[in-house]
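Chain and residue survey
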2 protein chains.
Amino acid sequence: MTHPESPESTPIIVVGAGVIGLTVAFELARRRIPVLVLERDHVGAGAAGVAAGMLAVVGEAEHETAELADLLVTSQRAYPAFVRELQHASGRDVGFVTEGTLIVGLGRDGEQELRHSQRAQDRLGLRSSWLTGDEARALEPHLGPRISAALLAREDHQVDPRALLPALAAATEALGGRVLTGTRVTGFDTTAGRLTAVVGVHQGDDRPFAIRCEAAVLAAGAWCAVGLAWPAAPVLVRPVKGQVVRLRGPAILRRVVRDTQVYLVPRRNGELVVGATMEDVGFDAAPTAGAVTDLLWQARLLAPAVYDLEIVEVGVGFRPAARDHLPTIGPTDVPGLYVATGHFRHGILLAPTTAVLLADLLVDDRMSPLLDRFRPGRFEAASRTAPSVDSR
Amino acid sequence: MTHPESPESTPIIVVGAGVIGLTVAFELARRRIPVLVLERDHVGAGAAGVAAGMLAVVGEAEHETAELADLLVTSQRAYPAFVRELQHASGRDVGFVTEGTLIVGLGRDGEQELRHSQRAQDRLGLRSSWLTGDEARALEPHLGPRISAALLAREDHQVDPRALLPALAAATEALGGRVLTGTRVTGFDTTAGRLTAVVGVHQGDDRPFAIRCEAAVLAAGAWCAVGLAWPAAPVLVRPVKGQVVRLRGPAILRRVVRDTQVYLVPRRNGELVVGATMEDVGFDAAPTAGAVTDLLWQARLLAPAVYDLEIVEVGVGFRPAARDHLPTIGPTDVPGLYVATGHFRHGILLAPTTAVLLADLLVDDRMSPLLDRFRPGRFEAASRTAPSVDSR
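Only a predicted model underlies this, so the values are computations on that prediction, with no experimental measurement involved. (Residues numbered from 1 in each chain as written. Chains lettered and ligands numbered in written order. Predicted model: local features only at pLDDT ≥ 70, side-chain atom pairs only at ≥ 80, totals over all residues. Heavy atoms only, no water.)

Digging into the overall build of chain A
Within chain A, the secondary structure is distributed over eight helices and 19 strands. Taking 21 Å as the expected radius of gyration for a compact globule of 392 residues, we find that chain A reaches 21 Å, a close match to that expectation. Structurally, chain A occupies a C-alpha span of about 65 × 50 × 40 Å along its principal axes. Taking the contacts inside chain A whose residues are at least 6 apart along the sequence as the reference set, 74% of them involve residues at least 24 apart. (Helix = DSSP H or I, 4+ residues; strand = E, 2+ residues; numbered from the N terminus. Rg over C-alpha atoms; globule rule 2.2 N^0.38 Å. Contact = heavy atoms within 4.5 Å.)

Structure, rendered in structure tokens:
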């Protein structure tokens, strides 16, 4: 195996070529800061390669996090410009579809949930319209007969993560940054308590490398707490397994359709992405009978024509989740070392805002108040004041 | 691409290395008749590679065929000796499991169906025992709580087709026969109305071949009516698509468990085979969302632990079916040219008997009365006497 040489030093190193790492790198490259992304596998090998790419601020009620609303709304508003600049810089299309999302309800409980979603959209100033079942079926003729009401969330768009990530890598490199794959980071060198270098090995031949840098950002998603000699306070993040079924066949939907159980995301290439489970089972990468049954059964209630589509793939991804389900973004207790992970179900949507706020911090030493509640040290502080609080 | 040379002539050629073709070849080789099997793809590429390998005489009521009972019972009785000889000749294990089959019923309709099965088993002199739900769960602790009764069919065994087919090929070659893969038959030469040679091309380089022979057996399963210049009356056979899900995980069953909707076949290698659909859609090889949902949903009713098993594969096979769902076995109107196909859902079980009866015919010119109703010409005869009968 041959691979490009790693440089001896670079101002900023990003660890992880997922959506967060690559968007941070893209943002730094746009600001003309030399940046190097190190990825042990390949671009898109992590959670984003499996993600549906829904850009939805208001999710299911039980996963709503008021603390995140500001960041989500800011990111959703920023998306059109982000996509425009990214497509310009990369020369690639990222499958940005602005048809909105149809959140559907089946029966009385479903409608109750829809009203809750509508109030949440209103509160956040997001435009949405209430539709009867028949009005929804007029928009999307393949919706099932049991759908009794729907909410058209006009600002919930979608992007194709499998197009987005390569575009981010291409744009970063077009602007002078570098993305090295097959390069596994194993630790961080410090001198007098300050970060001085990132060390690791090239996959394949295990040849070691050490690259000096002024700053490094750990953006390794669910793997932030795995296989790293980490000089700072632990990053508390765990994997939450998500299974996604990819179907193919005649196009049956124009826009994202979802309810509280399942989402259906039509891709321009003819795929229909059906997701996703939430499973707290560690890094178990097996696609399971139960998950596929549950997802497809529910998908069929929303759009019976799903029945005849071809199963192309059952994907498994691991979302990075902190104990409070909020992202972890900001400086660690080791000067020069930063973290950006824990985006859970919102990595694709939150990437542009995360990147801008982190770049402000890295380049201009400007800490946005938006990041206050996402600081890496917040659990340590909590456990100091309430030592019995730790559960999972 | 290189490949072994085809011979210039051989006494008997079998077209198709599926379970029927290979078992015929094995039987001929055992009788010291030089035989050559020509297969366009690889051993096990057809329906048998997807089949579950249940050796069940009494199936669901709606697929029962009284005309077939004699042949099925004869074949089931012959299986232990067939397996013993095959394993001896090949030196391989074929996964023959003699734990019987548990046919289960859920609720009143299920029990009704079970009583029907029991009467059929009794009528055919096959041993079976009636069990309560709890008795069934005592035998198979992972059976679901909704199973209210079961029939233990003690003589319904199973074999692993993915082990059986390579063993048949190995045994045939050990006994002096030959199996040539990547060899596509395109037609049959005749002189004065009698078969003289089989012609075709080597896949890969399209190099043509013509092999002289005294007799040939078309055993190409659902493909008997596809892509062949055929000198005899048409072989009326169509593909019936079957989808099968292969799961893997901790062993949850010891023996085959089935109801009217689904079967669960545990393999010694840890797989659990869940099948199968019956779809009249031609050669459409796509695994579909609906089939997988239906199979796994029903499987979960029988054994809830299926939920957590890993999905390894969704297989698609094409059973060969004649209009009357009976096999087509015997001589065509071209002397020297024979057919063995149309075994529909019973190919694995019927293979040994088919092979013996066909070898009797080929070698000793002895036509068993058992084959009367399976003659290739039977549809032609029927349409002559009743020209309006043809539907499907």
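What follows picks up the thread again.
Here we look at the domain arrangement of chain A
Residues and elements named next belong to chain A. Assigned domains within chain A: domain 1 (12-50 + 162-236 + 324-384) and domain 2 (100-154 + 238-321). Averaged C-alpha coordinates put domain 1 and domain 2 at centres separated by 31 Å. Taken together, the 15 residues of domain 1 in the interface contact 15 residues of domain 2. For the domain 1 and domain 2 pair, buried surface summed over both sides reaches about 1300 Å², with 64% attributable to carbon and sulfur atoms. Here domain 1 is connected to domain 2 by one salt bridge. A salt bridge links Glu313 to Arg162, with the nearest nitrogen and oxygen atoms 2.8 Å apart. (Domains from an automatic or database assignment. Buried area = accessible area lost by both parts, 1.4 Å probe. Salt bridge = Lys/Arg side-chain N within 4 Å of Asp/Glu carboxyl O.)

Focus: the sheet that holds strand E9 (residues 183-191) of chain B
Residues and elements named next belong to chain B. The three strands lie next to each other as E9-E10-E11, forming an open sheet whose pairing is antiparallel. The open sheet is flanked by E9 and strand E11 (208-212), the only strands paired with a single partner. In this sheet, neighbouring strand axes are inclined to one another by 25 degrees on average, regardless of whether the strands run parallel or antiparallel. (Pairing = 2+ DSSP bridges. Axes fitted to C-alpha atoms, helices over the stretch in contact; angles between N-to-C directions.)

Things to note about the relation of the copies chain A and chain B
When chain A is fitted to chain B, the best match, at an RMSD of 0.0 Å, comes from turning it 180 degrees and sliding it 0.0 Å along the axis. What we have between these two chains is a two-fold relation. Among all C-alpha atoms of chain A, that of A:Thr293 lies closest to the rotation axis, at 2.5 Å. (Least-squares fit on C-alpha atoms with pLDDT ≥ 70 in both.)

As for unusual backbone geometry
Most peptide bonds take the trans form, and the phi angle of most residues other than glycine is negative. All names here are of chain A. Cis geometry is found at the peptide bond from Gly275 to Ala276, where omega equals -15 degrees. Inspection of the secondary structure puts Ala276 in the loop between strand E16 (271-275) and helix H6 (289-302). The phi torsion at Asp206 lies on the positive side, around 60 degrees, for a residue other than glycine. Along the polypeptide, Asp206 turns up in the loop between strand E10 (194-202) and strand E11 (208-212).

Brief notes about the nonpolar core
Counting 57 residues, the largest nonpolar core has B:Val19, B:Tyr79, B:Leu86 and B:Leu164 as its most contacted members. The element that contributes the greatest number of residues to this core is helix H7 (residues 347-364) of chain B, accounting for ten residues. Those residues in contact with B:Leu86 that lie beyond four places of it in its chain are B:Phe26, B:Gly91, B:Val94, B:Leu164, B:Ala167, B:Leu168 and B:Ala171. Counting 56 residues, the second largest nonpolar core, distinct from the first, contains A:Val14, A:Leu22, A:Val57 and A:Leu357. (Core = buried A, V, L, I, M, F, W, Y, C linked by side-chain atoms within 4.5 Å. Buried < 20%, exposed > 50% of the residue type's maximum accessible area, 1.4 Å probe, protein only.)

What to know about the interface of chain A and chain B
Many structure descriptions define interface size as the accessible area lost when the parts assemble. Contact with chain A, which involves 18 residues of that partner, is made by 18 residues of chain B. Interface area for chain A against chain B, summed over the two sides, is near 1500 Å², with a carbon-plus-sulfur share of 65%. Inspection of the region where chain A meets chain B yields two salt bridges. On inspection of chain A and its partner chain B, the count reaches ten residue pairs in polar contact (both at pLDDT 80 or more). Of all elements in the fold, only H6 and strand E17 (310-321) of chain A reach the threshold of two or more residues within the side of chain A that touches chain B. Looking at the side of chain A that touches chain B, the element that brings in the most residues is H6(A), giving eight residues. Each residue belonging to the side of chain A that touches chain B can be placed in one class, and the counts come to eleven nonpolar, three polar and four charged. (Polar contact = N/O pair within 3.5 Å; in protein donor to acceptor, adjacent residues only side chain to side chain. Nonpolar A, V, L, I, M, F, W, Y, C, P; charged D, E, K, R; others polar.)

Let's talk about the pattern of salt bridges
Pairs may arise between side chains of opposite charge once their charged atoms sit close together. Residues and elements named next belong to chain A. In total, this model carries 50 salt bridges over all chains according to the counting rule given. For Glu155, the salt bridge identified is with Arg77, shortest N-O distance 3.3 Å. Of this pair, Glu155 sits in the loop between strand E6 (147-153) and strand E7 (157-158) while Arg77 sits in helix H2 (residues 69-90); the two residues are 78 residues apart in sequence, bridging distant segments of the chain. Note on Glu155: relative accessible area 15%, which makes it buried.

Focus on the pairing of strand E2 (residues 35-38) of chain A
All names here are of chain A. With burial as the criterion, each face of E2 is covered, one bearing Val35 and Val37 and the other bearing Leu36 and Leu38. Of the strand pairs in this sheet, strand E1 (residues 12-15) and E2 are connected by four bridges, and their pairing is parallel. When the sheet's bridge partners are listed, Val14 is paired in E2 with Val37. In this region the chain leaves E1, passes through helix H1 (residues 19-30) and returns to the parallel neighbour E2; the handedness of that crossover is right-handed. Looking at chain direction, E2 and strand E8 (residues 178-180) are connected through three bridges and run parallel. Of the residues in E8, the one forming a bridge with Leu36 is Arg178. (Right-handed = clockwise from strand over helix to strand, strands pointing away.)

A look at the packing of aromatic side chains
For the structure shown, the criterion picks out 15 aromatic pairs over all chains. Look at A:Trp223 and A:Phe318: their rings are 6.1 Å apart centre to centre, the planes differ by 90 degrees, and that puts the pair in the edge-to-face class. One end of the pair, A:Trp223, is in the loop between strand E12 (215-218) and strand E13 (238-248); the other, A:Phe318, is in strand E17, and 95 residues separate them in sequence. Centroid distance B:Tyr79 to B:Phe96: 6.2 Å. Interplanar angle 25 degrees. Geometry classified as stacked. Here B:Phe96 lies in the loop between helix H2 (69-90) and strand E4 (101-106) and B:Tyr79 lies in helix H2, a separation of 17 residues in the sequence. Neither B:Tyr79 nor B:Phe96 differs from the other in exposure class; each is buried. Taken together through their ring pairs, the aromatic side chains of A:Phe26, A:Tyr79, A:Phe82 and A:Phe96 make up a single cluster. (Phe/Tyr/Trp six-rings, centres within 6.5 Å; stacked < 30°, edge-to-face > 60°.)

With respect to helix H1 (residues 19-30) of chain B
All names here are of chain B. Its twelve residues place the ends of H1 16 Å apart at the C-alpha level, agreeing with the 16 Å of an ideal helix rising 1.5 Å per residue. For H1, the buried fraction is high: eleven of the twelve residues fall into the buried class. Downstream of H1 by a residue or two, Arg32 has a phi angle that is positive, lying close to 65 degrees. (Expected span 1.5 Å × (residues − 1).)

Quick look at the packing of H1(A) against helix H7 (residues 347-364) of chain A
Residue and element names in this part refer to chain A. Packing of H1 against H7 brings their axes to within 8 Å, and their N-to-C directions diverge by 45 degrees. When the axes of H1 and H7 are compared, the pair comes out oblique. Like other packed secondary-structure pairs, H1 and H7 cross with a definite hand, here right-handed. In this structure, H1 contributes Val19, Ile20, Thr23, Val24, Glu27 and Leu28 to the contact, and H7 contributes Gly347, Ile348, Ala351, Pro352, Thr354, Ala355, Val356, Leu358, Ala359, Leu362 and Val363. Of the residues in the contact of H1 with H7, the class split is 13 nonpolar, three polar and one charged. (Parallel < 35°, antiparallel > 145°, perpendicular 65-115°, else oblique. Left-handed = near helix turned anticlockwise from the far one by under 90°.)

Brief notes about the sheet that holds E6(A)
Residues and elements named next belong to chain A. Pairing is mixed in the open sheet, where eight strands are placed in the order E5-E6-E4-E14-E15-E16-E13-E17. Looking at which strands have only one partner, the edges of the open sheet turn out to be strand E5 (128-132) and E17. Taken over all neighbouring pairs, the strand axes of this sheet differ in orientation by 20 degrees on average, direction set aside.

What about the pairing of E4(B)?
Residues and elements named next belong to chain B. Of all the six residues making up E4, five are buried; the element is thus mostly covered by neighbouring parts of the structure. The sheet contact formed by E4 and strand E6 (residues 147-153) spans six bridges and is antiparallel. What sits directly across from Leu102, in E6, is Leu152. Both E4 and strand E14 (residues 256-258) contribute to a ladder of three bridges, which runs parallel. Note on E14: the bridge partner recorded for Leu102 is Val257.

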